[in-house]
Amino acid sequence: GAKRYFELDKLGDVYRKLAEAPGAEWRDRFRASDEYRRYIEEPLASAPVESATPARPADQTGRVQDELPEVKRQFGILTSRFSKLLAADRKTLSIAFAQSGLIGIFLVLVFGTVANQDPKQFPLLFFLGISCFWCGCNNASKEIVKERFIYSMERDVNLSVTSYILSKTIMLGLFGIIQVALLFGIVYSFGTVPGDATRQFLSMAISVLAGTATGLFISAVARTEDQASTLVPIALIPQILLAGVIVRDLPKIPDLVAHVAISGFWVYRAMESVLTNKMDDANFALLILAVHTVVFLIASGVLLYVRDARGQMVYGKAINQRLKG
């Protein structure tokens, strides 16, 4: 129905189509369409008038249990929709995979085959880890903000923020892990990945998930795609500067910030610990990265929930007024 309405061959092109005119113009076009008459005017005209008697307070018993099926249902719909949009946007997919491939090729060209005890092992591990974090952050940084208008409209009709954030996280996480596999495969096949390969791949996969969560938070904070693009370097530069590679012994305050809030610091610690067979340290670093991921996802959800409360859209208010009238 959407493809027919917007006269498109691919559903993924709807976002580019919407960018061709302001939201108010699309609203006016819809109000003049047969779809508006069929799905809005006629149902509202036949809807029963709301009673003036105040409703009794809802029974809160089992409210969470009642909401869980709806969260799961919406999660399935949103995940399916997002996966189709990703698959349809072949240009973006090609660019993303080309990024991973080029990074892998450059790392092989620069570092080559690294022998045991070679000091180049450590910067190679750092670039592998931080590249994965960057890929995840870059993939996710515009995902929410580019859908802000559509998201707000769907939020007005009971879109679950939890389902929305989880669907983005799962699909972008899987996409990022595929990028990691491509990057890892090139460096492992034509160069060297120091340390246990399986554990290093796991560290890189957790790194891309942490980057994805950071990118989603940036996208939730930003009001426009340009703002998101500006915020990405601000988020990434500290990941490099405070990772403990460029400056090994950080001053007291930057060192404290790195231990608490810098995912890049823990990405490098995880991969370095695998190389030196300090598995307890590696596991602890991965745990901290998992905590960072969860914290940024929760922060993104809370921000969306508080800022984009239902009933804030002008169109949603108009519908509510029609119902009350």
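Source: prediction; values computed, not measured. (Residues numbered from 1 in each chain as written. Predicted model: local features only at pLDDT ≥ 70, side-chain atom pairs only at ≥ 80, totals over all residues. Heavy atoms only, no water.)

**With respect to the overall build of the chain**
Secondary structure assignment for the chain yields 15 helices and zero strands. Taking all 325 residues of the chain together, 41% fall into the buried category. A sequence separation of at least 24 residues applies to 75% of the contacts in the chain between residues at least 6 apart. Surface accessibility of the chain: about 18200 Å² in total, with carbon and sulfur atoms responsible for 63%. (Helix = DSSP H or I, 4+ residues; strand = E, 2+ residues; numbered from the N terminus. Buried < 20%, exposed > 50% of the residue type's maximum accessible area, 1.4 Å probe, protein only. Contact = heavy atoms within 4.5 Å. Areas by Shrake-Rupley, 256 points an atom, 1.4 Å probe, with all protein chains shown as cover.)

**Quick look at the side chain of Arg148**
Locating Arg148 in the fold gives a position in helix H8 (residues 148-156). On the basis of relative accessible area, Arg148 is assigned to the buried category, the value being 13%. With sequence-adjacent residues up to four places away left out, Arg148 is seen in contact with Ser219, Ala220, Ala222, Arg223, Arg307 and Asp308.

**With respect to the nonpolar core**
Core analysis: the biggest nonpolar cluster contains 45 residues, and Leu107, Leu128, Leu183, Val187, Met204 and Leu289 have the highest contact counts within it. Going through the elements one at a time, helix H6 (90-111), helix H7 (121-140), helix H9 (161-190), helix H10 (197-221), helix H11 (225-241), helix H13 (263-275) and helix H14 (279-307) are the ones with two or more residues in this core. The element contributing the most residues to this core is H7, with eight residues. By size, the runner-up hydrophobic cluster in this structure holds 17 residues, among which are Leu86, Ile144, Tyr164 and Leu172. (Core = buried A, V, L, I, M, F, W, Y, C linked by side-chain atoms within 4.5 Å.)

**Description of the pattern of salt bridges**
Tallied over the full model, the rule gives 10 salt bridges. When the shortest N-O distance is used, the salt bridge between Arg37 and Glu42 registers 2.8 Å. A relative accessible area of 35% means that Arg37 is categorised as partly exposed. The salt bridge partner of Glu154 is Arg81, with a shortest N-O separation of 2.7 Å. Of this pair, Glu154 sits in helix H8 while Arg81 sits in helix H5 (residues 63-88); the two residues are 73 residues apart in sequence, bridging distant segments of the chain. (Salt bridge = Lys/Arg side-chain N within 4 Å of Asp/Glu carboxyl O.)

**What to know about the packing of aromatic side chains**
Counted according to the given criterion, the structure contains 14 aromatic pairs. Every member of this aromatic cluster is reached through a ring pair, and the members are Tyr5, Phe6, Trp26, Phe30 and Tyr36. The ring of Trp26 has Arg29 sitting right over it, with the charged end atom 4.4 Å from the ring centre. (Phe/Tyr/Trp six-rings, centres within 6.5 Å; stacked < 30°, edge-to-face > 60°. Lys NZ or Arg CZ within 6 Å of the ring centre and 35° of its normal.)

**What about the environment of Trp26?**
Its place among the elements puts Trp26 in helix H3 (residues 23-31). Residues in contact with Trp26, not counting those within four places in the same chain, are Phe6, Lys17, Leu18 and Ala21. Only 3.3 Å separates the side chain of Trp26 from the backbone oxygen of Ala21, close enough to count as a polar contact. (Polar contact = N/O pair within 3.5 Å; in protein donor to acceptor, adjacent residues only side chain to side chain.)

**Focus on unusual backbone geometry**
Although it is not a glycine, Glu7 adopts a positive phi angle of roughly 60°. For Glu7, the location among the structural elements is in the loop between helix H1 (2-6) and helix H2 (14-18). Here Asn158, not a glycine, exhibits a phi torsion of approximately 80°, which is positive.

**A word on the confidence of the model for the chain**
Predicted confidence across the chain gives a mean pLDDT of 87, with 90% of residues reaching 70 or more. Within the chain, the element-level pLDDT minimum falls on helix H15 (residues 314-324), averaging 46, and the maximum on H10, averaging 96. Note that pLDDT drops below 50 for residues 311-325; the model gives that stretch 20 contacts with residues more than four away or on any other chain. (pLDDT = per-residue confidence, 0-100.)

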